[in-house]
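Here is what each chain is made of, one letter per residue.
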There are 2 protein chains.
Amino acid sequence: MKRNTWQREAVREALGESEAFVSAQALHARMREEGSPIGLATVYRTLAKLAEDGTADLLQQDGEQLYRACTPGTHHHHLICRRCGLTVEIEAKPVEAWARQVAAEHGFTEPSHVVDVFGLCAECAARAAG
Amino acid sequence: MKRNTWQREAVREALGESEAFVSAQALHARMREEGSPIGLATVYRTLAKLAEDGTADLLQQDGEQLYRACTPGTHHHHLICRRCGLTVEIEAKPVEAWARQVAAEHGFTEPSHVVDVFGLCAECAARAAG
DNA sequence: CGCCTTGTTGATAATGATTGTCAATCCGGT
DNA sequence: ACCGGATTGACAATCATTATCAACAAGGCG
Ligand SMILES: [Zn+2]
Ligand SMILES: [Zn+2]
Ligand SMILES: [Zn+2]
Ligand SMILES: [Zn+2]
(Lines give C-alpha, C1' and ligand atoms only; values in the text may rest on other atoms or scores of the structure.)
(Ligands and ions follow the chains in the order given, each with its own letter.)
Protein backbone atom coordinates (compact mmCIF):
# COMPACT_ATOMS: atom_id res chain seq x y z
CA MET A 1 0.00 0.00 0.00
CA LYS A 2 1.19 3.50 -0.88
CA ARG A 3 1.24 6.10 1.84
CA ASN A 4 1.24 9.87 1.80
CA THR A 5 4.09 11.44 3.69
CA TRP A 6 5.13 15.05 3.96
CA GLN A 7 8.54 14.00 2.63
CA ARG A 8 7.17 12.86 -0.70
CA GLU A 9 5.27 16.09 -1.12
CA ALA A 10 8.27 18.16 -0.05
CA VAL A 11 10.46 16.57 -2.70
CA ARG A 12 7.81 17.05 -5.35
CA GLU A 13 7.53 20.69 -4.45
CA ALA A 14 11.25 21.36 -4.22
CA LEU A 15 11.75 19.69 -7.58
CA GLY A 16 9.08 21.88 -9.12
CA GLU A 17 10.89 25.02 -8.04
CA SER A 18 13.77 24.35 -10.38
CA GLU A 19 13.65 25.03 -14.08
CA ALA A 20 16.79 22.96 -14.57
CA PHE A 21 17.73 19.36 -13.95
CA VAL A 22 19.10 18.81 -10.46
CA SER A 23 20.93 16.01 -8.71
CA ALA A 24 19.60 14.28 -5.63
CA GLN A 25 22.52 15.69 -3.66
CA ALA A 26 21.83 19.25 -4.82
CA LEU A 27 18.11 18.99 -4.15
CA HIS A 28 18.73 17.63 -0.68
CA ALA A 29 21.18 20.42 0.09
CA ARG A 30 18.71 23.07 -1.06
CA MET A 31 15.90 21.56 1.01
CA ARG A 32 18.11 21.48 4.07
CA GLU A 33 19.07 25.12 3.60
CA GLU A 34 15.40 25.96 3.57
CA GLY A 35 14.99 24.27 6.90
CA SER A 36 13.66 20.87 5.93
CA PRO A 37 15.02 18.02 8.05
CA ILE A 38 14.52 15.47 5.27
CA GLY A 39 17.10 12.72 4.90
CA LEU A 40 19.35 12.20 1.92
CA ALA A 41 18.36 8.60 1.35
CA THR A 42 14.73 9.64 1.25
CA VAL A 43 15.42 12.20 -1.44
CA TYR A 44 17.17 9.54 -3.53
CA ARG A 45 14.35 7.08 -3.05
CA THR A 46 11.61 9.58 -3.74
CA LEU A 47 13.20 10.93 -6.89
CA ALA A 48 13.61 7.41 -8.22
CA LYS A 49 9.93 6.74 -7.58
CA LEU A 50 8.84 9.97 -9.22
CA ALA A 51 10.85 9.00 -12.27
CA GLU A 52 9.15 5.60 -12.37
CA ASP A 53 5.73 7.21 -12.04
CA GLY A 54 6.51 9.51 -14.92
CA THR A 55 6.18 12.53 -12.65
CA ALA A 56 9.84 13.38 -13.11
CA ASP A 57 12.29 13.11 -15.97
CA LEU A 58 15.71 11.60 -15.65
CA LEU A 59 18.88 12.71 -17.40
CA GLN A 60 22.27 11.05 -17.19
CA GLN A 61 25.21 13.40 -17.36
CA ASP A 62 28.83 12.56 -16.52
CA GLY A 63 27.62 9.52 -14.66
CA GLU A 64 25.31 11.63 -12.53
CA GLN A 65 21.56 11.24 -12.40
CA LEU A 66 19.69 14.51 -12.80
CA TYR A 67 15.97 14.94 -12.24
CA ARG A 68 13.40 17.48 -13.28
CA ALA A 69 9.69 17.89 -12.69
CA CYS A 70 7.88 17.24 -15.93
CA THR A 71 4.35 17.53 -17.21
CA PRO A 72 3.05 14.03 -16.49
CA GLY A 73 1.43 11.81 -19.03
CA THR A 74 3.12 13.37 -22.02
CA HIS A 75 5.99 11.94 -23.97
CA HIS A 76 8.44 14.71 -24.68
CA HIS A 77 12.12 15.56 -24.84
CA HIS A 78 14.33 18.38 -23.65
CA LEU A 79 16.36 21.27 -24.94
CA ILE A 80 18.99 22.03 -22.34
CA CYS A 81 21.44 24.88 -21.92
CA ARG A 82 24.78 23.28 -21.26
CA ARG A 83 25.93 26.35 -19.37
CA CYS A 84 23.12 27.28 -16.97
CA GLY A 85 20.91 24.22 -17.24
CA LEU A 86 17.83 26.09 -18.42
CA THR A 87 15.54 23.46 -19.86
CA VAL A 88 12.62 23.56 -22.27
CA GLU A 89 10.30 20.67 -22.97
CA ILE A 90 10.04 19.99 -26.68
CA GLU A 91 8.01 17.82 -29.01
CA ALA A 92 9.90 15.51 -31.34
CA LYS A 93 7.21 14.19 -33.64
CA PRO A 94 9.51 13.45 -36.60
CA VAL A 95 11.94 11.64 -34.31
CA GLU A 96 9.32 9.35 -32.80
CA ALA A 97 8.44 7.96 -36.20
CA TRP A 98 12.05 7.77 -37.34
CA ALA A 99 13.07 5.83 -34.21
CA ARG A 100 10.27 3.30 -34.68
CA GLN A 101 11.18 2.85 -38.30
CA VAL A 102 14.91 2.43 -37.91
CA ALA A 103 14.34 -0.12 -35.15
CA ALA A 104 11.96 -2.11 -37.33
CA GLU A 105 14.35 -1.98 -40.29
CA HIS A 106 16.95 -3.77 -38.25
CA GLY A 107 14.58 -6.31 -36.73
CA PHE A 108 14.49 -4.66 -33.33
CA THR A 109 11.27 -4.78 -31.32
CA GLU A 110 9.95 -2.86 -28.32
CA PRO A 111 11.80 0.28 -29.36
CA SER A 112 12.48 3.18 -27.04
CA HIS A 113 14.77 6.12 -27.38
CA VAL A 114 16.84 8.75 -25.68
CA VAL A 115 16.79 12.13 -27.36
CA ASP A 116 18.20 15.30 -25.84
CA VAL A 117 19.28 18.53 -27.48
CA PHE A 118 21.92 20.69 -25.86
CA GLY A 119 23.02 24.21 -26.66
CA LEU A 120 23.66 27.67 -25.28
CA CYS A 121 20.53 29.58 -24.32
CA ALA A 122 20.19 33.14 -25.59
CA GLU A 123 21.12 34.60 -22.23
CA CYS A 124 24.24 32.50 -21.81
CA ALA A 125 25.30 33.15 -25.40
CA ALA A 126 25.00 36.90 -24.80
CA ARG A 127 26.94 36.66 -21.57
CA ALA A 128 29.68 34.66 -23.28
CA ALA A 129 29.94 37.22 -26.07
CA GLY A 130 29.85 40.32 -23.84
CA MET B 1 54.60 14.88 -27.58
CA LYS B 2 52.40 11.82 -28.04
CA ARG B 3 54.05 8.42 -27.67
CA ASN B 4 53.09 5.00 -28.97
CA THR B 5 52.73 2.36 -26.30
CA TRP B 6 51.62 -1.22 -26.59
CA GLN B 7 48.98 -0.39 -24.01
CA ARG B 8 47.21 2.10 -26.22
CA GLU B 9 47.18 -0.36 -29.09
CA ALA B 10 46.03 -3.19 -26.83
CA VAL B 11 43.03 -1.17 -25.65
CA ARG B 12 42.16 -0.18 -29.20
CA GLU B 13 42.27 -3.79 -30.25
CA ALA B 14 40.34 -5.17 -27.30
CA LEU B 15 37.68 -2.53 -27.82
CA GLY B 16 37.38 -3.50 -31.47
CA GLU B 17 36.66 -7.10 -30.55
CA SER B 18 33.34 -6.22 -28.98
CA GLU B 19 30.23 -5.50 -30.96
CA ALA B 20 28.61 -4.04 -27.87
CA PHE B 21 29.35 -1.13 -25.60
CA VAL B 22 31.61 -2.11 -22.71
CA SER B 23 32.66 -0.47 -19.47
CA ALA B 24 36.27 0.26 -18.63
CA GLN B 25 36.04 -2.28 -15.82
CA ALA B 26 34.71 -4.99 -18.11
CA LEU B 27 37.28 -4.31 -20.79
CA HIS B 28 40.09 -4.40 -18.26
CA ALA B 29 38.82 -7.68 -16.84
CA ARG B 30 38.62 -9.24 -20.29
CA MET B 31 42.12 -8.09 -21.18
CA ARG B 32 43.49 -9.51 -17.96
CA GLU B 33 41.81 -12.84 -18.61
CA GLU B 34 43.54 -12.92 -21.97
CA GLY B 35 46.86 -12.49 -20.23
CA SER B 36 47.48 -8.79 -20.62
CA PRO B 37 49.10 -7.18 -17.58
CA ILE B 38 47.64 -3.76 -18.37
CA GLY B 39 46.55 -1.60 -15.46
CA LEU B 40 43.02 -0.47 -14.76
CA ALA B 41 43.87 3.22 -14.63
CA THR B 42 45.47 2.98 -18.04
CA VAL B 43 42.33 1.45 -19.52
CA TYR B 44 40.27 4.30 -18.09
CA ARG B 45 42.69 6.92 -19.40
CA THR B 46 43.03 5.37 -22.82
CA LEU B 47 39.30 4.97 -23.34
CA ALA B 48 38.75 8.60 -22.40
CA LYS B 49 41.36 9.67 -24.95
CA LEU B 50 39.90 7.48 -27.68
CA ALA B 51 36.53 9.08 -27.04
CA GLU B 52 38.07 12.55 -27.34
CA ASP B 53 39.79 11.61 -30.59
CA GLY B 54 36.50 10.38 -31.98
CA THR B 55 37.92 6.87 -32.27
CA ALA B 56 35.43 5.57 -29.73
CA ASP B 57 31.84 6.36 -28.86
CA LEU B 58 30.62 7.00 -25.36
CA LEU B 59 27.29 5.98 -23.90
CA GLN B 60 26.02 6.75 -20.41
CA GLN B 61 23.84 4.08 -18.86
CA ASP B 62 22.82 3.83 -15.20
CA GLY B 63 25.60 6.21 -14.32
CA GLU B 64 28.13 4.00 -16.04
CA GLN B 65 30.29 5.05 -18.97
CA LEU B 66 30.28 2.54 -21.81
CA TYR B 67 32.61 2.67 -24.79
CA ARG B 68 32.57 1.18 -28.25
CA ALA B 69 34.92 1.31 -31.21
CA CYS B 70 33.33 3.39 -33.93
CA THR B 71 34.04 4.25 -37.51
CA PRO B 72 36.04 7.45 -37.08
CA GLY B 73 35.24 10.70 -38.78
CA THR B 74 31.55 10.00 -39.20
CA HIS B 75 28.71 11.44 -37.18
CA HIS B 76 26.30 8.66 -36.43
CA HIS B 77 24.06 7.22 -33.75
CA HIS B 78 23.33 3.78 -32.35
CA LEU B 79 20.63 1.18 -32.22
CA ILE B 80 21.26 -0.92 -29.15
CA CYS B 81 19.76 -4.18 -27.90
CA ARG B 82 18.88 -3.57 -24.29
CA ARG B 83 19.24 -7.28 -23.54
CA CYS B 84 22.51 -8.41 -25.13
CA GLY B 85 24.04 -5.07 -26.04
CA LEU B 86 24.30 -5.79 -29.76
CA THR B 87 24.83 -2.42 -31.41
CA VAL B 88 24.33 -1.11 -34.92
CA GLU B 89 25.53 2.24 -36.18
CA ILE B 90 22.74 4.19 -37.81
CA GLU B 91 22.32 7.37 -39.79
CA ALA B 92 19.87 9.94 -38.48
CA LYS B 93 19.63 12.47 -41.26
CA PRO B 94 16.14 13.73 -40.38
CA VAL B 95 17.12 14.10 -36.76
CA GLU B 96 20.19 16.21 -37.44
CA ALA B 97 18.11 18.86 -39.16
CA TRP B 98 15.33 18.68 -36.61
CA ALA B 99 17.75 19.18 -33.72
CA ARG B 100 19.32 22.23 -35.35
CA GLN B 101 15.92 23.68 -36.05
CA VAL B 102 14.38 23.19 -32.62
CA ALA B 103 17.46 24.72 -31.01
CA ALA B 104 17.27 27.77 -33.27
CA GLU B 105 13.55 28.17 -32.64
CA HIS B 106 14.23 28.61 -28.95
CA GLY B 107 17.22 30.88 -29.39
CA PHE B 108 19.77 28.24 -28.53
CA THR B 109 23.14 28.29 -30.27
CA GLU B 110 25.94 25.76 -30.69
CA PRO B 111 23.50 22.87 -30.72
CA SER B 112 24.51 19.29 -30.13
CA HIS B 113 22.45 16.25 -29.39
CA VAL B 114 22.27 12.83 -27.83
CA VAL B 115 20.22 10.33 -29.78
CA ASP B 116 20.10 6.61 -29.05
CA VAL B 117 17.54 4.00 -29.97
CA PHE B 118 17.07 0.93 -27.81
CA GLY B 119 15.15 -2.25 -28.43
CA LEU B 120 15.27 -6.01 -28.49
CA CYS B 121 17.31 -7.49 -31.29
CA ALA B 122 15.74 -10.28 -33.34
CA GLU B 123 17.75 -12.94 -31.59
CA CYS B 124 16.89 -11.77 -28.09
CA ALA B 125 13.24 -11.35 -29.02
CA ALA B 126 13.15 -14.94 -30.26
CA ARG B 127 14.86 -16.22 -27.15
CA ALA B 128 12.40 -14.32 -24.95
CA ALA B 129 9.45 -15.80 -26.81
CA GLY B 130 10.70 -19.39 -26.94
C1' DC C 1 74.24 2.55 -29.27
C1' DG C 2 73.70 4.93 -24.67
C1' DC C 3 71.72 9.14 -22.44
C1' DC C 4 68.31 12.30 -21.26
C1' DT C 5 63.87 14.43 -21.23
C1' DT C 6 59.41 13.77 -20.35
C1' DG C 7 55.03 11.47 -21.52
C1' DT C 8 53.10 7.27 -19.76
C1' DT C 9 52.10 3.63 -16.63
C1' DG C 10 50.13 1.19 -12.59
C1' DA C 11 49.50 0.10 -7.59
C1' DT C 12 47.14 2.36 -4.43
C1' DA C 13 44.59 5.83 -2.01
C1' DA C 14 41.01 9.10 -2.37
C1' DT C 15 36.79 10.78 -3.93
C1' DG C 16 31.96 11.05 -4.80
C1' DA C 17 27.61 9.35 -5.99
C1' DT C 18 24.46 5.90 -5.03
C1' DT C 19 22.52 1.93 -2.50
C1' DG C 20 21.99 -1.27 1.52
C1' DT C 21 20.91 -1.86 6.50
C1' DC C 22 17.82 -1.87 10.12
C1' DA C 23 15.72 -0.03 14.15
C1' DA C 24 12.56 3.71 14.98
C1' DT C 25 8.71 6.02 13.21
C1' DC C 26 4.44 7.08 11.03
C1' DC C 27 0.27 6.21 7.96
C1' DG C 28 -4.12 4.50 7.50
C1' DG C 29 -7.54 0.97 7.83
C1' DT C 30 -10.10 -1.40 11.56
C1' DA D 1 -6.66 3.87 20.20
C1' DC D 2 -4.46 -0.21 17.95
C1' DC D 3 -1.86 -2.82 14.77
C1' DG D 4 0.79 -4.16 10.60
C1' DG D 5 3.46 -2.88 7.35
C1' DA D 6 5.30 0.88 4.52
C1' DT D 7 8.53 4.61 5.13
C1' DT D 8 12.17 7.08 7.10
C1' DG D 9 17.00 8.42 8.21
C1' DA D 10 21.61 7.93 10.18
C1' DC D 11 25.19 5.32 8.90
C1' DA D 12 27.88 1.84 6.65
C1' DA D 13 28.92 -0.30 2.42
C1' DT D 14 29.54 -0.41 -2.44
C1' DC D 15 30.80 0.94 -6.91
C1' DA D 16 32.79 3.52 -10.61
C1' DT D 17 35.97 6.85 -11.46
C1' DT D 18 39.87 10.02 -10.52
C1' DA D 19 44.09 11.62 -8.21
C1' DT D 20 48.85 10.49 -6.62
C1' DC D 21 53.37 9.81 -7.51
C1' DA D 22 57.38 6.97 -7.97
C1' DA D 23 59.06 3.84 -11.50
C1' DC D 24 59.27 3.14 -16.30
C1' DA D 25 60.08 3.57 -21.20
C1' DA D 26 59.56 6.06 -26.01
C1' DG D 27 62.02 8.55 -29.00
C1' DG D 28 65.16 12.44 -30.22
C1' DC D 29 70.02 13.32 -30.16
C1' DG D 30 74.93 12.88 -30.15
ZN1 LIG E 1 21.99 29.19 -20.31
ZN1 LIG F 1 10.35 10.62 -28.07
ZN1 LIG G 1 19.99 -8.81 -28.20
ZN1 LIG H 1 23.32 13.21 -34.93
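Computed from a predicted structure; not experimentally measured.

**Comments concerning the protein's contact with DNA strand D**
Residues in contact with DNA strand D amount to 19 residues; listed here are only the nearest, Arg3, Thr42 and Arg45 of chain A together with Tyr44 and Gln65 of chain B. One of the side-chain nitrogen or oxygen atoms of Arg32 of chain A is found 3.5 Å away from a phosphate oxygen of DNA strand D. Here Gln65 of chain B contributes a backbone N or O atom positioned 2.8 Å from a phosphate oxygen of DNA strand D. Within the residue set of the surface near DNA strand D, elements represented by two or more residues are α1 (6–16) and α3 (40–53) of chain A together with α3 (40–53) and β3 (64–69) of chain B. Per element, the largest residue contribution to the surface near DNA strand D is three residues, and it comes from α3 of chain A. Of the residues contributing to the surface near DNA strand D, the split by class is four nonpolar, seven polar and eight charged.

**A look at the coordination of the zinc ion (ligand 4)**
Residue and element names in this part refer to chain B. For the zinc ion (ligand 4), the full set of protein donor atoms is His75 (NE2), His77 (NE2), Glu96 (OE), Glu96 (OE) and His113 (NE2), and the range of their distances to it is 1.9 to 2.5 Å. Between consecutive donor residues of the zinc ion (ligand 4), the sequence gaps follow H-x1-H-x18-E-x16-H. Of this pair, Glu96 sits in helix α4 (residues 93–105) while His113 sits in strand β6 (residues 109–120); the two residues are 17 residues apart in sequence, bridging distant segments of the chain.

**Comments concerning the sheet that holds strand β2 (residues 56–61) of chain B**
For sheets, the rule is that strands pair by backbone hydrogen bonds, running either parallel or antiparallel. Residues and elements named next belong to chain B. Within the open sheet, the three strands sit side by side as β1-β3-β2. Their pairing is antiparallel. The sheet is open, and its two borders are formed by β1 (22–23) and β2, each paired with just one other strand. Both β1 and β3 contribute to a ladder of two bridges, which runs antiparallel. Within β3, the residue paired with Val22 across the bridge is Tyr67. Those strands touched by helix α1 (residues 6–16) are β1, β2 and β3, and its axis lies near 90° from that of β3.

**Focus: the coordination of the zinc ion (ligand 2)**
Residues and elements named next belong to chain A. At the metal site, the zinc ion (ligand 2) is ligated by His75 (NE2), His77 (NE2), Glu96 (OE), Glu96 (OE) and His113 (NE2), and these contacts range over 1.9 to 2.5 Å. In the primary sequence, the donor residues of the zinc ion (ligand 2) line up as H-x1-H-x18-E-x16-H. Taken together, the positions of His75 in the loop between β3 (64–69) and β4 (77–81) and His113 in strand β6 (residues 109–120) put the pair 38 residues apart, joining distant regions of the chain. Classification of His75 by relative accessible area gives partly exposed; the value is 49%.

**Looking at α3 of chain B**
Residue and element names in this part refer to chain B. If you check α3, its first and last C-alpha atoms are 20 Å apart, about what 14 residues at 1.5 Å a residue would give, namely 20 Å. Those residues of α3 that fall on the buried side of the exposure criterion are Val43, Thr46, Leu47 and Leu50. Each buried residue of α3 sits inside an arc of 100° when the element is viewed along its axis, so together they form one side. Every exposed residue of α3 that faces more than 90 degrees away from the buried side is listed here: Arg45 and Glu52. Contacts made by the buried residues of α3 are with α1, α2 (24–33), β2 and β3. Two residues or fewer past α3, Gly54 is found with a positive phi of approximately 90°.

**A word on the pairing of strand β5 (residues 87–90) of chain B**
Residues and elements named next belong to chain B. Sheet topology note: the strand β4 (residues 77–81)/β5 ladder contains four bridges and is antiparallel. Pairing of His77 across the sheet is with Ile90, part of β5. Counted along the chain from β4 to the antiparallel partner β5, the turn is five residues long, and its residue Gly85 has a positive phi close to 85°.

**Some details on the protein's contact with DNA strand C**
If you check the shell around DNA strand C, you find 20 residues, and the closest are Gln25 and Gln65 of chain A together with Arg3, Thr42 and Arg45 of chain B. Each atom of DNA strand C within 4 Å of the protein was assigned to sugar, phosphate or base; sugar and phosphate come to 60%. Between a phosphate oxygen of DNA strand C and a main-chain N or O atom of Asn4 of chain A, the distance comes to 3.0 Å. In the model, a base oxygen of DNA strand C is placed 2.5 Å from a nitrogen or oxygen of the Arg3 of chain B side chain. Counting only elements with at least two residues in the surface near DNA strand C, the list comes to α3 and β3 of chain A together with α1 and α3 of chain B.

Cut-off values and rules
Residues numbered from 1 in each chain as written. Chains lettered and ligands numbered in written order. Predicted model: local features only at pLDDT ≥ 70, side-chain atom pairs only at ≥ 80, totals over all residues. Heavy atoms only, no water. Near = heavy atom within 4 Å. Polar contact = N/O pair within 3.5 Å; in protein donor to acceptor, adjacent residues only side chain to side chain. Helix = DSSP H or I, 4+ residues; strand = E, 2+ residues; numbered from the N terminus. Nonpolar A, V, L, I, M, F, W, Y, C, P; charged D, E, K, R; others polar. Donors = N, O, S within 2.8 Å, 3.2 Å for Na, K, Ca; no water. Pairing = 2+ DSSP bridges. Contact = heavy atoms within 4.5 Å. Axes fitted to C-alpha atoms, helices over the stretch in contact; angles between N-to-C directions. Buried < 20%, exposed > 50% of the residue type's maximum accessible area, 1.4 Å probe, protein only. Expected span 1.5 Å × (residues − 1). Arc of directions from axis to C-beta.

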